[in-house]
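Topology and contacts: notes
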Amino acid sequence: MSATKTYHEQTNIDNINRMREVMQELPSFCKQFFRGIENTTAPRTRLAYALDLRVFFEFMQKNNAALCRTPIPQFPLSLLDQISKEDIEEFLEYLDLYEKEFEEDKHVGDKREYTNGERGKARKLSTLRSFYNYFYTSELIEKNPAALVPMPKLHEKEIIRLDPNEVAELLDLVESGEALTENEKRYHKVTKDRDLALLTLLLGTGIRVSECVGLDLDDVDFDNYGIHIVRKGGAEAVIYFGDEVYDALLPYYERRKGIVAADGNENALFLSLQNKRMSVRSVEKLVKKYASRVTSLKKITPHKLRSTYGTTLYRETGDIYLVADVLGHKSVNTTRKHYAAMEEDNRRRAARAVKLRDG
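Structure report, in brief.

Reading the values: the criteria
- Residues numbered from 1 in each chain as written.
- Predicted model: local features only at pLDDT ≥ 70, side-chain atom pairs only at ≥ 80, totals over all residues.
- Heavy atoms only, no water.
- Helix = DSSP H or I, 4+ residues; strand = E, 2+ residues; numbered from the N terminus.
- Buried < 20%, exposed > 50% of the residue type's maximum accessible area, 1.4 Å probe, protein only.
- Areas by Shrake-Rupley, 256 points an atom, 1.4 Å probe, with all protein chains shown as cover.
- Lys, Arg positive; Asp, Glu negative; His and termini not counted.
- Charge placed at Lys NZ, Arg CZ, Asp CG, Glu CD.
- Phe/Tyr/Trp six-rings, centres within 6.5 Å; stacked < 30°, edge-to-face > 60°.
- Pairing = 2+ DSSP bridges.
- Core = buried A, V, L, I, M, F, W, Y, C linked by side-chain atoms within 4.5 Å.
- Contact = heavy atoms within 4.5 Å.
- Axes fitted to C-alpha atoms, helices over the stretch in contact; angles between N-to-C directions.
- Parallel < 35°, antiparallel > 145°, perpendicular 65-115°, else oblique.
- Left-handed = near helix turned anticlockwise from the far one by under 90°.
- Nonpolar A, V, L, I, M, F, W, Y, C, P; charged D, E, K, R; others polar.
- Expected span 1.5 Å × (residues − 1).
- Bend = angle between axes of the 7 residues up to and from the residue.
- Polar contact = N/O pair within 3.5 Å; in protein donor to acceptor, adjacent residues only side chain to side chain.
- Patch = residues over 30% accessible without salt bridge, like charges linked within 9 Å, V, L, I, M, F, W, Y side chains within 5 Å.
- Salt bridge = Lys/Arg side-chain N within 4 Å of Asp/Glu carboxyl O.

A separate point is the overall build of the chain. In terms of helices and strands, the chain carries 15 helices and 5 strands. In terms of overall dimensions, the chain has a C-alpha envelope of 70 × 70 × 40 Å along the principal axes. Looking at the 359 residues of the chain, the share that counts as buried comes to 41%. A total of about 21100 Å² of accessible surface is found on the chain, and carbon and sulfur atoms cover 48% of it. Side-chain charges of the chain comprise 56 positive and 57 negative groups, with the mean position of each set lying 2 Å from the other.

Here you go:
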């Protein structure tokens, strides 16, 4: 009997299996590209590449008279040298709005509209650049038109976060259950300890929701006030928490040890009402349910709770490198980009902090 897989091991397996399914819909020469990047990318990244490439080759088949009768898996490698810079620019324009059949729906002809903003376009162009660069540097093609197409200009997004009073209101609501509907209150009696532990952990450590749902019982170390997490990309880290997280997490932890989890979920820390490991989607719905009662002007997601933690930590310490390390950013520039406005506030405070003459 095989040992129970961790959340991250199972997620990688699921992503690999999904990628292999998508690969069947891609030109056969794509297999060489994915073999070439296997040792330098995570399964999740390769799946994202495969999905982006599928959209690209579907566009080429639909909009190129020479390809419309050729099944995509039969596209030859020589096609890459026939695609021009203009073709890729037209593809980016196509991404503004296009239709595609539901993947989940068995009924042929049922379609859904898809849109891409500047970030969606930038990601797909980045995929094409990596794809073309692989074959170009391997000297299997002569042209690299993707490198000639400029990346879409990305506008800075406003960072949405909870104010300190909103954080307090949110946690008070989770404890009391007030402002919930009568139906929600019935569930709240069962989930209050879990919900309070989960939201306090997100707000008190800044971990990603995927890192949170991936936690196992033995990842929590109450003696040292720490949790062992697996970062995006597979790196491992220990994140430390304070007294408020401890006080919210311990009661749920003790109760959780007495719950018989569904098969395959025995080690999961946070369980759904079905006693299965909570999913990213279920945590998103949980956060939305509570946050919508606290603020109607801000769209609060688990990632916004992460931004709230990062903002608070930076205000308290002024140490951008510490914030980058705790949040797990690979580059401090990523952190600085998100908290640039706060750096301006720090500089303004610095100007007022130094007095040249008393009085």
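Further remarks concern the packing of aromatic side chains. Here the structure, examined in full by the defined rule, presents 25 aromatic pairs. Summarising the aromatic geometry, the rings of Phe222 and Tyr253 are spaced 5.0 Å apart at their centres and angled 75 degrees between planes, so their arrangement reads as edge-to-face. A residue pair is termed long-range when its members are at least 10 positions apart, and Phe222 in the loop between strand E3 (220–221) and strand E4 (226–230) and Tyr253 in helix H10 (residues 243–256) qualify at 31 residues. Relative accessible area serves as the criterion here: at 13%, Phe222 is assigned to the buried category. Accessibility expressed as a relative area gives 12% for Tyr253, which makes it buried.

This brings us to the sheet that holds E3. Taking strand neighbours across the sheet as the criterion, the 3 strands line up as E3-E4-E5 in an open arrangement whose pairing is antiparallel. Two strands lie at the open edges of the sheet, namely E3 and strand E5 (236–240), each paired on one side alone. Pairing of E4 with E5, which is carried by 5 bridges, proceeds in the antiparallel orientation. Bridged to Val230 within E5 is Glu236.

Within the largest apolar cluster, 45 residues are counted, with the highest numbers of intra-cluster contacts made by Ile207, Ile227, Phe270 and Leu305. Secondary-structure elements contributing two or more residues to this core are helix H7 (164–176), helix H8 (182–205), helix H9 (209–213), E4, H10 and helix H11 (280–294). Per-element tally for this core: the top contributor is H8, with 7 residues. Those residues in contact with Ile207 that lie beyond four places of it in its chain are Leu201, Leu202, Cys212, Leu215, Ile227, Ile229, Ile239 and Arg306. Counting residues in each nonpolar core, the second largest holds 39 residues, with Met23, Phe29, Leu53 and Ile72 among its members.

Let's shift gears to the packing of helix H12 (residues 302–317) against helix H13 (residues 320–327). Contact geometry of H12 with H13 gives a least axis separation of 9 Å together with a crossing angle of 150 degrees. By the angle between their directions, the pair H12 and H13 is classed as roughly antiparallel. Along this stretch, H12 crosses H13, giving a crossing that reads as right-handed. The segment H12 lies against H13, with Arg306, Tyr309, Gly310, Leu313, Tyr314 and Thr317 engaging Ile320, Leu322, Val323, Val326 and Leu327. Taken together, the residues of the contact of H12 with H13 break down into 8 nonpolar, 2 polar and 1 charged.

Glancing now at the environment of Ser78. With respect to the helices and strands, Ser78 occurs in the loop between helix H3 (43–63) and helix H4 (79–82). Judged by relative accessible area, which is 41%, Ser78 ranks as partly exposed. Between the alpha carbons of Ser78 and Thr45 there is a distance of 26 Å; along the sequence they are 33 residues apart.

Let us now look at H10. Taking 1.5 Å per residue, 14 residues should reach 20 Å; H10 reaches 20 Å between its end C-alpha atoms and fits that length. At Leu249, H10 is bent by approximately 30 degrees, the largest bend along its length, and proline Pro251 sits one to four residues beyond. If you follow the buried residues of H10, they end up packed against H8 and E3.

This paragraph deals with the environment of Arg293. Positionally, Arg293 belongs in helix H11. In this structure the C-alpha to C-alpha distance between Arg293 and Ser307, which are 14 residues apart in sequence, comes to 19 Å. Non-local contacts of Arg293, meaning those with residues more than four positions away in its chain, are made with Leu173, Ala179, Leu180, Thr181 and Glu184. From its side chain, Arg293 meets the backbone oxygen of Ala179 in a polar contact 3.1 Å long.

Moving on: a nonpolar patch on the surface. On the surface, a nonpolar cluster with roughly 280 Å² of combined accessible area is contributed by Tyr187, Val190 and Leu273. Here Tyr187 shows up in helix H8. When its relative accessible area of 46% is taken as the criterion, Tyr187 is described as partly exposed.

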